[in-house]
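Letter by letter, the chains look like this.
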Amino acid sequence: VHLSKATFTISAPDIRRLPEDTGIEVAFAGRSNAGKSSALNTLTNQKSLARTSKTPGRTQLINVFEVSDTQRLVDLPGYGFAKVPLEMKKKWQKALGEYLEKRDSLKGLVVLMDIRHPLKDLDRNLIEWAAESNLPVLALLTKSDKLSQGKASAEVLKVKKNLAPLNADIKVQAFSSLKRTGAEQANKIICDWLST
Ligand code: GTP
Ligand code: MG
């Protein structure tokens, strides 16, 4: 698998509009502004495959990128803070929840959290849900370039310790789209999931 082969397939407002639920999908989830779209671009080596923005709530639809006929990457709408009307927020959160619960082809979940404030309640809920659902998780601690290497490593350890009691398939990796920190490691894990 080469993630750089990814091409944009579709933006769907809800799961009914997604491609057929066959093959393997790896989804990127996290709070608004956590760096999901940036990470997708970094991992696929494409500058503007997924749209990024300084304004939280940029990704409002389920964006699908095809790596091959049977392998897809999915950029999910961010949860948590978003300066949008409540009705709209509810709509995306519903799409997100439905996607996570119903999508059979979902085989791995990348959870992106800003390394400076990881494991907020919603992040924890999502990771606990994945653990109970036996869905492997890669927790990417994003924007690691904002911390010294020592502080970043300490944060990774803290998150690992915090999640250890869940006894689940959860990997934790410091990540920076700016510096490509952790990109190789993340790439390998995602390609493994896509090849199962
Ligand atoms: P939504 O689509 O709104 O949910 O956000 P997102 O999670 O897709 O975040 P996005 O990738 O759009 O990035 C949000 C902001 O963080 C942008 O201003 C990015 O430039 C910045 N950012 C993302 N990754 C990094 C990183 O590794 N380092 C630094 N310093 N900034 C980053
Ligand atoms: Mg986005």
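Criteria and cut-off values
- Residues numbered from 1 in each chain as written.
- Chains lettered and ligands numbered in written order.
- Predicted model: local features only at pLDDT ≥ 70, side-chain atom pairs only at ≥ 80, totals over all residues.
- UniProt positions renumbered as here; feature names shortened; annotations may be inferred.
- Pairing = 2+ DSSP bridges.
- Helix = DSSP H or I, 4+ residues; strand = E, 2+ residues; numbered from the N terminus.
- Axes fitted to C-alpha atoms, helices over the stretch in contact; angles between N-to-C directions.
- Expected span 1.5 Å × (residues − 1).
- Buried ≥ 20, exposed ≤ 12 C-beta atoms within 10 Å, placed from the backbone.
- Arc of directions from axis to C-beta.

Looking at an unreviewed UniProt entry, one finds the chain named Probable GTP-binding protein EngB and attributed to Thalassotalea castellviae. Quoted verbatim from the Function (unreviewed entry) field of UniProt, the annotation for the chain is "Necessary for normal cell division and for the maintenance of normal septation." If you open the UniProt record of the chain and go to Sequence similarities (unreviewed entry), you find "Belongs to the TRAFAC class TrmE-Era-EngA-EngB-Septin-like GTPase superfamily. EngB GTPase family."

Student: How should the sheet that holds strand β5 (residues 106-114) be read in this particular structure?
Tutor: As a general point, the strands of a sheet are linked pairwise by backbone hydrogen bonds and lie either parallel or antiparallel. Spatially, seven strands are ordered β1-β3-β4-β2-β5-β6-β7 in an open sheet, and the strand pairing comes out mixed. Both edges of this open sheet fall to β1 (7-12) and β7 (170-174), since each of them pairs with a single strand only. Shown here is a sheet whose adjacent strand axes are inclined to one another by a mean of 20 degrees, direction ignored. For β5 and strand β6 (residues 137-142), the ladder comprises six bridges, and the chain directions are parallel.

Student: Please explain helix α5 (residues 183-194) as it appears in this structure.
Tutor: Side chains that are three or four residues apart share a direction in an α-helix, a result of its 3.6 residues per turn. The terminal C-alpha atoms of α5, which comprises twelve residues, lie 16 Å apart, in line with the 16 Å expected from a rise of 1.5 Å per residue. Every buried residue belonging to α5 is among Ala 186, Ile 190, Trp 193 and Leu 194, and all of these are buried. Within α5, the buried residues cover an arc of 95 degrees as seen down the axis, which keeps them to one side. Across from the buried face of α5, at angles greater than 90 degrees, the exposed residues are Glu 184 and Lys 188.

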